[in-house]
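# Per-entry structural report
The residues making up each chain are set out below.
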Amino acid sequence: MEVVAVDIGGTHARFAIAEVAGGKVTRLAEPVTLKTAEHASLQTAWQAFAATLDRPLPRAAALSIASPITGDVIRLTNNPWVIRPSLIPERLGVETYTVINDFGAVGHAVAQLPPDQFEHLCGPDEPLAAEGVTTVCGPGTGLGVAQVLRTPHRYHVLPTEGGHIDYAPLDAIEDALVKRLRGSFTRVSAERVCAGPGIVAIYETLAALEGRPVPARDDKTIWQEALEGSDPIALAALDRFCLALGAVAGDLALAQGAKGVVIAGGLGLRIKDRLLRSGFGHRFVAKGRFQSMMAAIPVKLITHSQPGLFGAAAAFAQEHV
């Protein structure tokens, strides 16, 4: 069976034709990426995707949306589109559909992708457990969190808002970082530090601690300079980001009783080499009396180029095929 897989974020909407059978994805075609700002709605973007093909679209849709899926009005945080699931059959001309949170979709991708789509980061270099909980978290515009529960006969994906847990500083530098963030936010969540925009506050904190001027810079500039190594403060901010992400990923694994952890998101792929060389792994296991337990948890990075599209199709397959 064919289905149109769609992955809708704040900046881009990605479309691809997927083939599903027996509850699984058997093929994902080359994706088409559209800018959401150039389309008035999901319907017009859907029509633009249809125009790229030389045949009618399948009458089935799998939508991954970067928003909590509650009620019949879905408003995206960084995208003016409003999506009403009850109108999807009428507006998109489909007969069956699935709508899922974006990190719920990533959870389905984690459950169905083969081992060669994951790269080892720390802990035992072994495949993810066939049973039990796998924690999935990923830094991007926000900090997405989900969990996958595998049982002997099937798996279950539980999307969460775990990125909004309180951030716990672990040293004097992070104390200063939280103090700085409290100037803007009453409550400092993990997402304020361990998502892409968090690099700005980290950079400004490190510059202030050294008595340097704190220029106004956006996160894209700081990430570029950090990855290039052209600015030592930006590079130090990247190292500090990896430490913080390791600590938060460990906290989530503890809270969820995880037997494995997967780091996802486009930013995770961009900083893959830095994660491998940073203190990410040390911070992940640094949980006091539970350090030996944490050291036994394999931590992977998902390397599939389109986990949102693949996961949306996988969620559809689980529900309908």
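About the cut-offs
Residues numbered from 1 in each chain as written. Predicted model: local features only at pLDDT ≥ 70, side-chain atom pairs only at ≥ 80, totals over all residues. Heavy atoms only, no water. Pairing = 2+ DSSP bridges. Helix = DSSP H or I, 4+ residues; strand = E, 2+ residues; numbered from the N terminus. Buried < 20%, exposed > 50% of the residue type's maximum accessible area, 1.4 Å probe, protein only. Arc of directions from axis to C-beta. Contact = heavy atoms within 4.5 Å. Polar contact = N/O pair within 3.5 Å; in protein donor to acceptor, adjacent residues only side chain to side chain. Core = buried A, V, L, I, M, F, W, Y, C linked by side-chain atoms within 4.5 Å. Axes fitted to C-alpha atoms, helices over the stretch in contact; angles between N-to-C directions. Salt bridge = Lys/Arg side-chain N within 4 Å of Asp/Glu carboxyl O. Phe/Tyr/Trp six-rings, centres within 6.5 Å; stacked < 30°, edge-to-face > 60°. Lys NZ or Arg CZ within 6 Å of the ring centre and 35° of its normal.

One ladder, built from seven bridges, connects strand S1 (residues 2–8) with strand S2 (residues 12–21); its direction is antiparallel. Directly across from Val4, in S2, lies its bridge partner Ile17. A loop of three residues connects S1 with S2, the two strands running antiparallel in sequence. When S2 meets strand S4 (residues 32–35), the two strands line up antiparallel, connected through four bridges. The residue bridging Ala13 from the neighbouring strand is Leu34, located in S4. Here S2 runs beside strand S3 (residues 24–28); their pairing, made up of four bridges, is antiparallel. In the sheet register, Ala21 faces S3, and the bridge partner there is Lys24. Taking the residues between adjacent antiparallel strands as the criterion, S2 and S3 are bridged by two residues, where Gly22 takes a positive phi near 60 degrees.

Every buried residue of helix H1 (residues 42–51) is listed here: Leu42, Ala45, Trp46 and Phe49. When H1 is viewed along its axis, its buried side chains cluster within an angular range of 105 degrees and face the same direction. At its buried positions, H1 is contacted by S1, S2, S4, strand S5 (60–65), strand S7 (82–83) and helix H2 (88–92). Among the residues of H1, the N-terminal cap falls to Ser41, whose side-chain oxygen and the backbone nitrogen of Gln43 are separated by 3.3 Å.

Glancing now at the nonpolar core. Among the nonpolar cores identified, the biggest contains 49 residues, and Val193, Phe241, Ile263, Ile271, Phe280, Phe284 and Val299 are the most heavily contacted of them. In terms of residue count, helix H8 (residues 232–256) provides more of this core than any other element does, 12 residues in total. Leaving out residues up to four positions away in the same chain, Ile271 has contacts with Trp223, Leu227, Leu238, Phe241 and Cys242. Within the second largest apolar cluster, 31 residues are counted, among which are Val20, Val157, Ala264 and Ala312.

Before going further, it helps to spend a moment on the environment of Ile17. Tracing the backbone shows Ile17 in strand S2. Given the relative accessible area of 6%, Ile17 is considered buried. Setting aside chain neighbours within four positions, we find Ile17 in contact with Glu2, Val3, Val4, Arg27, Leu28, Ala29, Phe49, Leu53, Arg55, Leu57 and Pro58.

Take the sheet that holds strand S10 (residues 132–139) next. One open sheet holds the six strands; their spatial order is S9-S14-S13-S10-S11-S12, and the pairing between them is mixed. A strand with exactly one partner marks an edge of an open sheet, and here the two such strands are strand S9 (118–122) and strand S12 (155–160). The mean angle between the axes of side-by-side strands here comes to 25 degrees, regardless of whether they run parallel or antiparallel. Taken together, the five bridges between S10 and strand S13 (residues 258–263) define a ladder with parallel strand orientation. Looking at S13, one finds that Cys137 is bridged to Ile263. Set on the sheet, H8 makes contact with S10, strand S11 (143–150), S12 and S13; between it and S10 the angle comes to about 150 degrees.

With that out of the way, let us pick up helix H3 (residues 102–112). Across the 11 residues of H3, 10 count as buried, placing the element largely inside the fold. All of the buried residues along H3 are Phe103, Gly104, Ala105, Val106, Gly107, His108, Ala109, Val110, Ala111 and Gln112. With a side-chain oxygen lying 2.9 Å from the backbone nitrogen of Phe103, the N-terminal cap of H3 falls on Asn101.

We now examine the pattern of salt bridges. Across all of its chains, the model carries 16 salt bridges by this definition. Linking Arg217 and Asp231 is a salt bridge whose minimum nitrogen-to-oxygen distance equals 2.9 Å. Taken together, the residues span a long stretch of sequence, with Arg217 in the loop between helix H6 (198–209) and helix H7 (219–228) and Asp231 in the loop between H7 and H8 at a distance of 14 residues. On the basis of relative accessibility, which here comes to 23%, the residue Arg217 falls in the partly exposed class. With relative accessibility at 12%, the residue Asp231 sits in the buried group. Here Arg274 and Asp239 are joined by a salt bridge, their closest N and O atoms 3.4 Å apart.

Turning to the packing of aromatic side chains, a few remarks are in order. Inspection of the entire model under this criterion finds two aromatic pairs. Each ring, one from Phe15 and one from Phe49, has its centre 5.1 Å from the other, and the planes form 20 degrees; the classification is stacked. Placement of Phe15 in strand S2 and of Phe49 in helix H1 is noted, with a sequence separation of 34 residues between them. For Phe49, a relative accessible area of 2% puts it in the buried group. Ring geometry for Trp223 against Phe241: centres 5.0 Å apart, planes inclined by 85 degrees, an arrangement best described as edge-to-face. Of the two residues, Trp223 sits in helix H7 while Phe241 sits in helix H8, which places them 18 residues apart along the sequence. Across from the ring centre of Phe185, 3.7 Å away, lies the NZ or CZ of Arg192, which sits over that ring.

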